[in-house]
Amino acid sequence: MRLIIMGPPGAGKGTQAKFIAEHFGIPAISTGDIFRANVSRGTELGVEAKRYMDAGEYVPDEVTNLMVRNRIDEPDAEPGFLLDGYPRTLAQVEELDGMIKHTGHALDAVVVLTVDQDEVVERLLQRAETDGRADDTADVIRRRQEIYGEETAPLVEVYRDRGLLIEVDGLGEVDEVTQRIFTALDVVPQS
């Protein structure tokens, strides 16, 4: 199974990604994890990415694309994978299409967790309080939500047009959301 999970900050993507990956026996691949792994191992791509991250800039698509390509080429991703945080741009959608086609497979589905914005803001404010994240104010969280909406809306439409989009209500107890995702994905034919 080759999947993407999307959703605004605080929707529970990371939590659900673990359950989905375990359910299908595939790795959950987060771009944040890939960046950290490459930086900690001091790979050529990691050194390059660190330069941008240290400057507070976005890591360019070329570097991100190569890291993702290298990761999905690893043996554990042969039966499939779940991507979290990639693609983020239309150019990355095209790049990912090429990566998957190269393996002789296709993308099977894109899960989008839909949530009520006000409820997610409350959830993130509570998390900020318990985790001691003073920089996570309501205004900052709402701005992140706006950026997500602006950047992700075009990708959602691309995958909707391809018939790959599965929208799942991301609110409720974790196990309820997980069950909704499994119910939707268990009927998807695998490439």
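Above this text is the structure in question.
Rules and cut-offs
Residues numbered from 1 in each chain as written. Predicted model: local features only at pLDDT ≥ 70, side-chain atom pairs only at ≥ 80, totals over all residues. Heavy atoms only, no water. 1 Å grid on protein atoms, 1.4 Å probe; cavity = no way out; pocket = protein on both sides within 12 Å on 5 of 7 lines; lining within 4 Å. Points joined across faces, edges and corners; volume = space filled by probe spheres on them. Helix = DSSP H or I, 4+ residues; strand = E, 2+ residues; numbered from the N terminus. Nonpolar A, V, L, I, M, F, W, Y, C, P; charged D, E, K, R; others polar. Axes fitted to C-alpha atoms, helices over the stretch in contact; angles between N-to-C directions. Parallel < 35°, antiparallel > 145°, perpendicular 65-115°, else oblique. Left-handed = near helix turned anticlockwise from the far one by under 90°. Contact = heavy atoms within 4.5 Å. Buried < 20%, exposed > 50% of the residue type's maximum accessible area, 1.4 Å probe, protein only. Pairing = 2+ DSSP bridges.

Visitor: In this structure, what is going on with the layout of surface pockets? I would like to understand it.
Guide: Rolled over the atoms, a probe with the dimensions of a water molecule shows which regions are left empty. Size it by volume and the largest pocket reaches roughly 1,400 Å³. Taken together, 39 residues form the lining of the largest pocket, with Pro9, Lys13, Thr31, Gly85 and Arg88 sitting closest to its centre. If you list the elements that add at least two residues to the lining of the largest pocket, you get strand S1 (2–6), helix H1 (13–24), helix H2 (31–41), helix H4 (61–72), helix H6 (117–131) and helix H7 (138–161). Broken down by element, the lining of the largest pocket gets its largest block of residues, six residues, from H7. The class makeup of the residues in the lining of the largest pocket is 15 nonpolar, 13 polar and 11 charged.

Visitor: Would you mind going over the packing of H1 against helix H8 (residues 174–185) with me for this structure?
Guide: Helix packing geometry: the angle between the two helix axes and the distance between the axes. Contact pair H1 / H8: the axes reach a minimum separation of 10 Å and the direction vectors enclose 45 degrees. The orientation of H1 relative to H8 falls into the category oblique. Relative to H8, the crossing made by H1 is right-handed. Note on element contacts: H8 touches H1 through Val174, Val177, Thr178, Ile181, Phe182 and Leu185, opposite Thr15, Gln16, Phe19, Ile20, His23 and Phe24.

Visitor: When you look at the pairing of S1 in this model, what are you seeing that I'm missing?
Guide: Each regular strand carries side chains that alternate between the two faces of the sheet. Among the five residues that make up S1, five are buried, leaving the element largely enclosed by the rest of the structure. Burial along S1 is two-sided: Arg2, Ile4 and Met6 and Leu3 and Ile5, pointing in opposite directions, are all buried. Bridge count between S1 and strand S3 (residues 81–84): four bridges; the pairing is parallel. Residue isoleucine 5 lies in a different strand from S3, and its bridge partner there is aspartate 84.

Visitor: Any chance you could explain the packing of H2 against helix H3 (residues 44–54) here in plain terms?
Guide: H3 packs onto H2 with a crossing angle of 110 degrees between their chain directions and a minimal axis gap of 7 Å. Considering their axes alone, H2 and H3 lie roughly perpendicular with respect to each other. In terms of crossing hand, the pair formed by H2 and H3 is left-handed. Between H2 and H3, the residues in contact are Phe35, Asn38 and Val39 and Leu45, Gly46, Lys50 and Met53, respectively. Looking at the contact of H2 with H3, its residues break down into four nonpolar, two polar and one charged.

Visitor: How should I be thinking about the sheet that holds strand S2 (residues 28–30) in this particular structure?
Guide: Adjacent strands of a sheet pair through backbone hydrogen bonds, lying either parallel or antiparallel. Sheet architecture is open: five strands sit in the order S2-S3-S1-S4-S5, paired in parallel fashion. Strands with a single pairing partner mark the edges of an open sheet, and in this sheet they are S2 and strand S5 (165–169). Between one strand and the next, the sheet's axes are offset by a mean angle of 25 degrees, whatever the strand orientation.

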